[in-house]
Amino acid sequence: MANFLNDPDFVKLHLAHFINFMGRDGYSAEMAQEEFPRLRETVGLDANPKKYLFLPRTGSRFPLDRRKKVMIALTYHKAGDHAYFAYSQDLSA
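Re the overall build of the chain
Part 1 of the reasoning: Counting secondary structure elements, the chain contains four helices and zero strands.
Part 2 of the reasoning: Helices (α) and strands (β) of the chain occur, in sequence order from the N terminus, as α-α-α-α.
Part 3 of the reasoning: Against the globule reference of 12 Å for 93 residues, the chain gives a C-alpha radius of gyration of 13 Å, in line with a compact fold.
Part 4 of the reasoning: Counting only C-alpha atoms and orienting by the principal axes, one finds that the chain spans roughly 40 × 25 × 20 Å.
Part 5 of the reasoning: Burial analysis of the chain (93 residues in total) assigns 35% to the buried set.
Part 6 of the reasoning: Long-range pairs, those at least 24 residues apart, make up 62% of the contacts in the chain between residues at least 6 apart in sequence.

As structure tokens, this is what we get:
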């Protein structure tokens, strides 16, 4: 069902959209690239950030509070929606 999540083309699209949305919200591309793998591991298709909120971020160069983590998880989910739309358009073309 969710095999597209592991497709390298989808992951590239998702990361590109995520970086753009994070930039719009005032975060750097480096931070977006650092958070993307953490989000990918913990936030599911239902955009539930529960695991991400409790994920240890030891060694991260970017401190985040709970509110920022929730907003970043929602941004990740929105970027996934946009990436899936672009991905599905590419498949149907």
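Comments concerning the side chain of E35
Part 1 of the reasoning: Summarising the element assignment, E35 is placed in helix α2 (residues 29–42).
Part 2 of the reasoning: Here the side chain of E35 touches R57 through a polar contact of 2.3 Å, side chain to side chain.
Part 3 of the reasoning: Contact partners of E35, with chain neighbours within four places excluded, come to Y52, R57, S60 and L64.

Some remarks on helix α4 (residues 66–92)
Part 1 of the reasoning: Under the 1.5 Å per step criterion, the end-to-end length of α4 is 39 Å for 27 residues, consistent within 8% with the ideal 39 Å.
Part 2 of the reasoning: Within α4 the residues assigned to the buried category are K69, I72, A73, T75, Y76, A79, G80, A83 and Y87.
Part 3 of the reasoning: Lining the buried residues of α4 we find α1 (8–24), α2 and α3 (50–54).

What to know about the packing of aromatic side chains
Part 1 of the reasoning: Counted under the stated rule, the structure contains seven aromatic pairs.
Part 2 of the reasoning: Pairing F4 with Y87 gives two aromatic rings, centres 6.4 Å apart and planes at 35 degrees, and the pair type is tilted. Linking F4 in the segment before α1 with Y87 in helix α4, this pair joins segments that are 83 residues apart in sequence.
Part 3 of the reasoning: Taken together, a centroid distance of 5.7 Å and an interplanar angle of 75 degrees make the contact between F10 and Y87 edge-to-face. Of this pair, F10 sits in helix α1 while Y87 is found in helix α4, placing the two residues 77 residues apart along the sequence.
Part 4 of the reasoning: Given the relative accessible area of 3%, F10 is considered buried.
Part 5 of the reasoning: We classify Y87 as buried; its relative accessible area is 10%.
Part 6 of the reasoning: Joined through ring pairs, the aromatic side chains of F4, F10, Y84 and Y87 make up one cluster.

Quick notes on the environment of S88
Part 1 of the reasoning: Within the fold, S88 resides in helix α4.
Part 2 of the reasoning: In this structure the C-alpha to C-alpha distance between S88 and L64, which are 24 residues apart in sequence, comes to 33 Å.
Part 3 of the reasoning: In terms of polar contacts, S88 uses its side chain to reach the backbone carbonyl oxygen of F85, at 2.9 Å.

Quick notes on the rules
Residues numbered from 1 in each chain as written. Predicted model: local features only at pLDDT ≥ 70, side-chain atom pairs only at ≥ 80, totals over all residues. Heavy atoms only, no water. Helix = DSSP H or I, 4+ residues; strand = E, 2+ residues; numbered from the N terminus. Rg over C-alpha atoms; globule rule 2.2 N^0.38 Å. Buried < 20%, exposed > 50% of the residue type's maximum accessible area, 1.4 Å probe, protein only. Contact = heavy atoms within 4.5 Å. Polar contact = N/O pair within 3.5 Å; in protein donor to acceptor, adjacent residues only side chain to side chain. Expected span 1.5 Å × (residues − 1). Phe/Tyr/Trp six-rings, centres within 6.5 Å; stacked < 30°, edge-to-face > 60°.

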